Amino acid sequence: MTSPLAISFVPADLDAIAGLTGKLTVFVTAEKGMDPLGRRVNRLCKGALKRLVESERFSKAKEGDGITLSWPLGMSAVAVQVIKLEKRTSDLTARKAGTAISLFKGTDAITVLAGSHAKAAQIAYGLALRTYDFNLYKTSEAAQTPQQPASVMVTKPEEVSAEATDGAAVAEGVFFTRDLVNEPANVLTTTDFAARLAAMQEIGLDVTILEEAELEKLGMRALLGVGQGSEAPSKVVVMKWNGGGDEAPFALVGKGVVFDTGGISLKPAGGMEDMTMDMGGAGVVSGVMRALALRKAKANVVGVVGLVENMPDGKAQRPGDVVKSMKGDTIEVINTDAEGRLVLADVLWYTQEEFKPTGMINLATLTGAIIIGLGHHNAGVFSNNDGLADAFLSAAKAEDEGAWRMPMGPDYDKQIESKIADIRNAAGREAGSVTAAQFLGRFVKSDMPWIHLDIAGVASLKTPSTYAPKGATGWGVRALDRLIRDKYEG
């Protein structure tokens, strides 16, 4: 898998600055101007930095904005980037400033002159998140040239390095999710996905893979029905992190449709290639579990993902079929392209029965309707518990991951009533994301605090975002890690 850019924290050395090659980034405050490292750069480049800082362009710049001086005289560096950042700034602003650091491909090194800035660890965290690049299948020399490691020059490197440890673990969880979502479906089969999760036993997770025979025995006919038209075997993977003593775990549940053709209700050809990301919910759960293990979180968390492939075949599920869920409810399949909720119905019920969690959040690239409603800026948040919903929304805001609470209520249940079964899996275009959430709510026990996150609009983007290049974003790993840190760790 891709790893976050290796970032080392090195002692501040005024004498070394003149000989540094590649690109330097220096942080300047509006109130106090340059620190000793900045003043050293200014002397070396004959006052050019001071002139920039005193210019109208710099005064009008927003906090976190960067301005670059190319090929500065008196220095070996090819560029000096100046970023405006106050000493007393927020973690989030410092992290965004880190994402603004320009990256050079090839042999040019990156040196960040953070000095005594109190948010140096957050700056490095932002830099790490933005360095991701998925180029496994590009063969050009340029694509295969790795980004050089970055050095962050600080006055107390050991202290900052220790402070940055948890951020590095979360960044690796984000990268793990992005890798999974970006992989093509002929590589990331259900078997390959499960094997990647099983490999995380090496970092302390307890991983169990449930195969089709056991799923049949458990009564997961809703999940198995989705995958019966594929040669790829359906699986459920359970990942447990036990870092919090004897208390019951918090649960994360993910939809893992490794490719979604729509089944017999076949999708149009245009854009179907994007359905490699339909396992995004399972990808986020996996990334969170990796982050928790790497940072040795003091909490008990179980991650459960349902892995299937939805294909058309002579054995495939048909519109009009009726399947029986693990809970015992019967489901009329109106549309085989509304498959994710069938997978989650069984996995949600299994998770509650098996682990008796204190609360539960499921993630899924579930509906196109949520994109119509919220675009690509926010995930849809559906919940039966105000306390848990508010805690998650606060965590998402703190991590700058867009989330917006959506309505639920019994009035929407009428749209998913079936004439021949207990419930049907599709209810037409009106309030499509809400009726999908109502469907899932039928498989959540009344006393279980629960959130459904519809991440169809945020899991993968066509254009770069603040923290990621185009493609998989890893949305949700940071917010869920923050939620667990704030609410469930002692």
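Quick summary incoming for the structure in this document. (Residues numbered from 1 in each chain as written. Predicted model: local features only at pLDDT ≥ 70, side-chain atom pairs only at ≥ 80, totals over all residues. Heavy atoms only, no water.)

1. Thoughts on the environment of E54
Phase 1: As for its placement among the helices and strands, E54 is situated in the loop between α2 (48-53) and α3 (56-60).
Phase 2: As a C-alpha pair, E54 and Y132 span 78 residues in sequence and 34 Å in three-dimensional space.
Phase 3: Looking at E54, its side chain comes within polar contact range of the side chain of K50, at 2.5 Å. (Helix = DSSP H or I, 4+ residues; strand = E, 2+ residues; numbered from the N terminus. Polar contact = N/O pair within 3.5 Å; in protein donor to acceptor, adjacent residues only side chain to side chain.)

2. Here's the deal with the sheet that holds strand β3 (residues 66-70)
The pairing of strands in a sheet happens through backbone hydrogen bonds and is either parallel or antiparallel.
Phase 1: Reading across from one edge, β1-β6-β5-β2-β4-β3 is the order of the 6 strands in this open sheet, with mixed pairing throughout. Single-partner strands in this sheet number two, and they are β1 (7-11) and β3. Each neighbouring strand pair of the sheet contributes to a mean axis angle of 25 degrees, computed without reference to strand direction.
Phase 2: With 4 bridges connecting them, strand β2 (residues 23-28) and strand β5 (residues 110-115) associate as parallel partners. Within β5, the position partnered with T25 by the bridge is V112.
Phase 3: Contacting β1, β2, β5 and β6 (150-154), helix α5 (residues 120-130) crosses the sheet at an angle of about 150 degrees to β1. (Pairing = 2+ DSSP bridges. Axes fitted to C-alpha atoms, helices over the stretch in contact; angles between N-to-C directions. Contact = heavy atoms within 4.5 Å.)

3. Overview of the nonpolar core
Phase 1: Formed by 66 residues in total, the largest nonpolar core has its most connected members in L252 and F392.
Phase 2: For this core, the element with the most residues is helix α12 (residues 280-294), which contributes 8 residues.
Phase 3: Sequence-distant contacts of L252, that is, excluding residues within four places in its chain, are made with V285, V288, M289, V301, V302, G303, V304, I361, L480 and I484.
Phase 4: The next biggest cluster of nonpolar side chains, apart from the first, holds 41 residues, and it includes V304, V323, I423 and W450. (Core = buried A, V, L, I, M, F, W, Y, C linked by side-chain atoms within 4.5 Å. Buried < 20%, exposed > 50% of the residue type's maximum accessible area, 1.4 Å probe, protein only.)

4. Remarks on helix α15 (residues 386-398)
Phase 1: Here α15 spans 18 Å end to end across 13 residues, near enough to the 18 Å set by a 1.5 Å rise per residue.
Phase 2: Among all positions of α15, only L388, A389, F392, A395 and A396 are buried. Viewed along the axis of α15, the buried residues span an arc of 130 degrees, placing them on a single side of the element. Residues of α15 that are exposed and angled more than 90 degrees away from the buried face: D386 and K397.
Phase 3: Contacts from the buried residues of α15 go to β9 (250-260), β13 (360-364), β14 (379-383), β15 (403-405), β17 (450-454) and α17 (477-487).
Phase 4: The N-terminus of α15 is capped by N385, whose side-chain oxygen sits 3.1 Å from the backbone nitrogen of G387. (Expected span 1.5 Å × (residues − 1). Arc of directions from axis to C-beta.)

5. Focus: the pattern of salt bridges
Phase 1: As enumerated under the stated definition, the model contains 27 salt bridges in all.
Phase 2: The closest approach of N and O atoms between K119 and D91, which form a salt bridge, is 2.6 Å. Taken together, the positions of K119 in the loop between β5 and α5 and D91 in helix α4 (residues 91-99) put the pair 28 residues apart, joining distant regions of the chain.
Phase 3: We classify D91 as partly exposed; its relative accessible area is 32%.
Phase 4: Across the pair K255 and D278 runs a salt bridge, and its minimum N-O distance is 3.0 Å. With K255 in strand β9 and D278 in the loop between β9 and α12, the pair connects residues that are 23 residues apart, well separated along the chain.
Phase 5: With a relative accessible area of 1%, K255 lands in the buried category. (Salt bridge = Lys/Arg side-chain N within 4 Å of Asp/Glu carboxyl O.)

6. Side note on the packing of helix α13 (residues 340-355) against helix α16 (residues 432-441)
Phase 1: Interhelical geometry of α13 versus α16 gives an angle of 30 degrees and a closest axis separation of 9 Å. By the angle between their directions, the pair α13 and α16 is classed as roughly parallel. α16 is crossed by α13, and the crossing has right-handed handedness. Residue-level contacts link R341, L342, L344, A345 and L348 of α13 to A436, F439 and L440 of α16.
Phase 2: Considered class by class, the residues forming the contact of α13 with α16 number 7 nonpolar, no polar and 1 charged. (Parallel < 35°, antiparallel > 145°, perpendicular 65-115°, else oblique. Left-handed = near helix turned anticlockwise from the far one by under 90°. Nonpolar A, V, L, I, M, F, W, Y, C, P; charged D, E, K, R; others polar.)

7. Thoughts on α16
Phase 1: Along α16, 9 of the 10 residues are buried, which leaves the element largely enclosed by surrounding structure.
Phase 2: Along α16, the positions that sit buried rather than exposed are G432, S433, V434, T435, A436, A437, Q438, F439 and L440.

8. Structural notes on the packing of aromatic side chains
Phase 1: Applying the stated criterion across every chain, the model contains 6 aromatic pairs.
Phase 2: Directly above the ring of F58 sits K84, whose terminal nitrogen or CZ lies 5.4 Å from the centroid. (Phe/Tyr/Trp six-rings, centres within 6.5 Å; stacked < 30°, edge-to-face > 60°. Lys NZ or Arg CZ within 6 Å of the ring centre and 35° of its normal.)

9. Digging into the packing of α5 against helix α8 (residues 165-182)
Phase 1: Axis separation between α5 and α8 bottoms out at 10 Å; the angle between their running directions is 15 degrees. For the element pair α5 / α8, the angle class is roughly parallel. As for how α5 packs across α8, the hand of that crossing is right-handed. Along its contact with α5, which presents Y125, A128 and L129, the element α8 presents G167, V170, A171, V174, F175 and R178.

10. Topic: the sheet that holds strand β7 (residues 206-210)
Phase 1: In space, the 8 strands of this open sheet follow the order β7-β8-β10-β9-β13-β17-β14-β15, with mixed pairing throughout. Two strands close off the open sheet at either side, each with one partner strand: β7 and β15. The sheet shows a mean angle of 20 degrees between the axes of neighbouring strands, direction not considered.
Phase 2: As paired elements, β7 and strand β8 (residues 235-242) share 5 bridges and run antiparallel to each other. Within β8, the residue paired with V207 across the bridge is M239.

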